[in-house]
Amino acid sequence: MALLGGVAAVTAIALINAKRLGVPIKGRALIACAGLLGT
């Protein structure tokens, strides 16, 4: 992961998994915000 995009790649995968697991939109927004803060 770190070699192919770091925080952005991890955030993208987390959002894909959250959608598959049925996480509400608010939870996905928090994941996205955390990813943006990590860059």
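The coordinates are above.
Values in this document were obtained by computation on a predicted structure and should not be read as measured data. (Residues numbered from 1 in each chain as written. Predicted model: local features only at pLDDT ≥ 70, side-chain atom pairs only at ≥ 80, totals over all residues. Heavy atoms only, no water.)

**A few points about the overall build of the protein**
Then, number 1: When helices and strands are counted, the protein shows 2 helices and 0 strands.
Then, number 2: Buried residues in the protein amount to 10% of all 39 residues.
Then, number 3: Accessible surface for the protein amounts to roughly 3100 Å². Of this, 74% is attributable to carbon and sulfur atoms. (Helix = DSSP H or I, 4+ residues; strand = E, 2+ residues; numbered from the N terminus. Buried < 20%, exposed > 50% of the residue type's maximum accessible area, 1.4 Å probe, protein only. Areas by Shrake-Rupley, 256 points an atom, 1.4 Å probe, with all protein chains shown as cover.)

**Description of the packing of helix α1 (residues 7-21) against helix α2 (residues 25-38)**
Then, number 1: Where α1 meets α2, the axes come as close as 9 Å, and the angle between the chain directions of the two elements is 175°. With respect to their mutual orientation, α1 and α2 come out roughly antiparallel. Within the contact between the two elements, α1 uses Val-7, Thr-11, Ala-14, Leu-15, Ala-18 and Lys-19 and α2 uses Arg-28, Ile-31, Ala-32, Gly-35 and Gly-38.
Then, number 2: In terms of residue class, the contact of α1 with α2 is made up of 6 nonpolar, 3 polar and 2 charged. (Axes fitted to C-alpha atoms, helices over the stretch in contact; angles between N-to-C directions. Parallel < 35°, antiparallel > 145°, perpendicular 65-115°, else oblique. Contact = heavy atoms within 4.5 Å. Nonpolar A, V, L, I, M, F, W, Y, C, P; charged D, E, K, R; others polar.)

**Considerations on the side chain of Thr-11**
Then, number 1: Structurally, the position occupied by Thr-11 is in helix α1.
Then, number 2: With residues up to four places along the chain from it excluded, the contact list for Thr-11 reads Ile-31, Ala-32 and Gly-35.

**Comments concerning α1**
Then, number 1: Over its 15 residues, α1 extends 21 Å from the first C-alpha to the last, a length consistent with the 21 Å expected when each residue adds 1.5 Å.
Then, number 2: Those residues of α1 that fall on the buried side of the exposure criterion are Ala-9, Thr-11 and Ala-18.
Then, number 3: Buried positions along α1 lie against α2. (Expected span 1.5 Å × (residues − 1).)

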